[in-house]
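Here is what each chain is made of, one letter per residue.
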Amino acid sequence: MSQRLRFGTLALAYAGFASTHPAFAHGFAGDRFFPATLQTDDPFVADEASLPTLTMNPSDPTGGQSYSVESDIAKRLTSDFGLTAAYSWNYSQPKGAPPQYGFGGLSTGAQYQLFIDNDHEFMGLLGLDVDWGHTGAVNHGGADDHTTLSPTFDFGKGFGDLPASLMWLKPFAVTGNIGMSFPTRINSNGDLNQNTFNAGFAIEYSLEYLQHHVKDVGIPAPFDRFIPLVEITSTTPINRGFNRDSGLTNQTGNGTTGIIAPGVIWAGQYSQIGVEAIIPYGEGQGHGIGVLLQMHFFLDDLFPTSIGRPILGSGKLFGA
């Protein structure tokens, strides 16, 4: 999701640390708080915003460098159905060529909360993401010239229901996404647009959960709000061979690419800040290491009686 400015924001977030059990209105299954992860989708509907996410991508195989600044927002229509939107500004400096920069395409999404099992710290969500193609005659921002539809299933599972003998494992949680992407155009200027299988996982260890729900080990505030994590993403083409720019047009193969992103999130009641390294893997990827910094705001806690409430009330979309 996204990043922001500096210490004034941290002071605001720290105010939410005063309570041992902050009144989060989002991302909870029982005692388990699932933070807004940085590389993978969240398994819950929420009212939140990233303002913005700053990314320095790993260098590409030729040594070129690129950066992006992204802002996104999620808004609930009901307690279990919400919409998302994201927009980015991108800067690319190819090696030995003039820089390219501009806005990328708009990304939107719809999300439905399938279930939240408080006893087992388990939640699931169905989503549909739409990456809208760039409609301008000239695109310097790196947006595709076609729209892509991506249905997803997102989940989160905490391990607080493990037996007491495994107390040190209880703070662990896993979130993940699985889905497919379907471009609306098969061919773009001679390059094939593939259907892809996408997966992403985050493995988290919550010091807040350890300190306040498992055992008091003496971790003081604000350090008791850190959540170390590792995120892993993958994209695998499933048809139409490889794109021309890989040098393998009309050939078939695995071609799985993705990133490994170790980092840490610091989550308060009103906001969180996260930082991760970006380590690419797979054929045709660069070999450098990037970094992502994100500031994220919980609108439902900041503005619980106004913009942080579901637009259509607190009822469910289907049933009571």
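Preceding this section is the structure that the text describes.
Only a predicted model underlies this, so the values are computations on that prediction, with no experimental measurement involved.

Novice: What am I meant to see in the overall build of the protein here?
Specialist: Helices and strands together make up the secondary structure of the protein, namely three helices and 17 strands. Each of the 320 residues in the protein was classed as buried or not, and the buried ones make up 43%. Intrachain contacts of the protein at a sequence separation of at least 6 include 64% that bridge at least 24 residues. Split by element, the accessible area of the protein, about 15,300 Å² in all, is 63% carbon and sulfur.

Novice: Would you take a moment to explain the pattern of salt bridges for this structure?
Specialist: Pairs may arise between side chains of opposite charge once their charged atoms sit close together. Inspection of the entire model under this criterion finds seven salt bridges. Notably, a salt bridge pairs Lys75 with Asp47, separated by 2.6 Å at the nearest N-O pair. Of this pair, Lys75 sits in strand 4 (residues 65–78) while Asp47 sits in the loop between strand 2 (32–33) and strand 3 (48–56), and the two are 28 residues apart along the sequence. Asp47 matches Lys75 in its accessibility class, with the two residues each being buried. When the shortest N-O distance is used, the salt bridge between Asp47 and Arg76 registers 2.5 Å.

Novice: Would you take a moment to explain the nonpolar core for this structure?
Specialist: Soluble, globular proteins show a tendency: their nonpolar side chains are buried together. Within the largest apolar cluster, ten residues are counted, these being Phe33, Leu38, Ala202, Leu229, Ile259, Ile265, Ala267, Ile278, Leu292 and Phe298. Taken together, the elements giving at least two residues each to this core come down to strand 15 (257–267) and strand 17 (290–298). With three residues, the top contributor of residues to this core is strand 15. Core analysis: the next-biggest nonpolar cluster, separate from the first, contains six residues, Phe34, Phe44, Ala46 and Ala173 among them.

Novice: Can you help me understand the packing of aromatic side chains in this one?
Specialist: In this description, a pair of aromatic rings is defined by centroid distance and the angle of the planes. On inspection of all chains with the given rule, the structure shows twelve aromatic pairs. Ring centres 6.4 Å apart and planes at 45 degrees place the aromatic pair Tyr67 and Tyr91 in the tilted group. In this pair, Tyr67 is assigned in strand 4 and Tyr91 in strand 5 (residues 81–93), connecting sequence segments 24 residues apart. What links up through ring pairs into an aromatic cluster is the set Tyr67, Trp89, Tyr91 and Tyr101. Directly above the aromatic system of Tyr209 lies the positively charged group of Arg32, at a separation of 3.9 Å from the ring centroid.

Novice: Quick question: what am I supposed to make of the side chain of Asn193 here?
Specialist: Turning to its location among the elements, Asn193 is positioned in the loop between strand 12 (191–192) and strand 13 (196–205). In this structure the side chain of Asn193 is engaged in a polar contact, spanning 2.8 Å, whose partner is the backbone oxygen of Arg185.

Novice: Whenever I open this one, the environment of Pro222 confuses me. Can you help?
Specialist: Tracing the sequence through the fold places Pro222 in the loop between helix 2 (207–214) and strand 14 (226–237). Taking relative accessible area as the criterion, Pro222 reaches 23% and is therefore assigned partly exposed.

Novice: What am I meant to see in the side chain of Gln111 here?
Specialist: You can see Gln111 is positioned in strand 7 (residues 107–117). The residues touching Gln111, leaving out its near neighbours within four places in the chain, are Phe44, Val45, Asp80, Phe81, Gly82, Thr84, Leu125, Leu126 and Gly127.

Novice: How should I be thinking about the environment of Asp129 in this particular structure?
Specialist: Here Asp129 lies in strand 8 (residues 122–131). Through-space distance from the C-alpha of Asp129 to that of Ala85 is 9.3 Å; in sequence the pair is 44 residues apart. Dropping the residues within four chain positions of it, Asp129 is found in contact with Asp41, Thr108, Gly109, Thr148, Leu149, Ser150 and Thr152.

Novice: Explain helix 2 here, please?
Specialist: For an α-helix, the turn length of 3.6 residues means that residues three or four places apart are oriented alike. Burial in helix 2 covers these residues: Leu207, Glu208, Tyr209, Leu210 and Gln211. Residues of helix 2 that are buried make contact with strand 2, strand 13 and strand 14. Capping the start of helix 2, Ser206 holds a side-chain oxygen 3.4 Å from the backbone nitrogen of Glu208, two or three residues further along.

Novice: Teacher, can you tell me more about the pairing of strand 15 here?
Specialist: Where strand 14 lies against strand 15, ten bridges are found, and the strand directions are antiparallel. Looking at the pairing, Phe226 lines up with Trp266 of strand 15. Between the antiparallel neighbours strand 15 and strand 16 (residues 271–282) lie three residues.

Novice: Teacher, can you tell me more about unusual backbone geometry here?
Specialist: The phi angle of most residues is negative, glycine excepted, and most peptide bonds adopt the trans form. Of the consecutive residues Leu51 and Pro52, the connecting peptide bond is found in the cis state with omega at -15 degrees. Note the cis peptide between Ala221 and Pro222, where omega equals 5 degrees. Within the chain, Glu121 stands out as a residue other than glycine whose phi angle is a positive 50 degrees. The exposure class assigned to Glu121 is buried, which follows from its relative accessible area of 4%.

Reading the values: the criteria
- Residues numbered from 1 in each chain as written.
- Predicted model: local features only at pLDDT ≥ 70, side-chain atom pairs only at ≥ 80, totals over all residues.
- Heavy atoms only, no water.
- Helix = DSSP H or I, 4+ residues; strand = E, 2+ residues; numbered from the N terminus.
- Buried < 20%, exposed > 50% of the residue type's maximum accessible area, 1.4 Å probe, protein only.
- Contact = heavy atoms within 4.5 Å.
- Areas by Shrake-Rupley, 256 points an atom, 1.4 Å probe, with all protein chains shown as cover.
- Salt bridge = Lys/Arg side-chain N within 4 Å of Asp/Glu carboxyl O.
- Core = buried A, V, L, I, M, F, W, Y, C linked by side-chain atoms within 4.5 Å.
- Phe/Tyr/Trp six-rings, centres within 6.5 Å; stacked < 30°, edge-to-face > 60°.
- Lys NZ or Arg CZ within 6 Å of the ring centre and 35° of its normal.
- Polar contact = N/O pair within 3.5 Å; in protein donor to acceptor, adjacent residues only side chain to side chain.
- Pairing = 2+ DSSP bridges.

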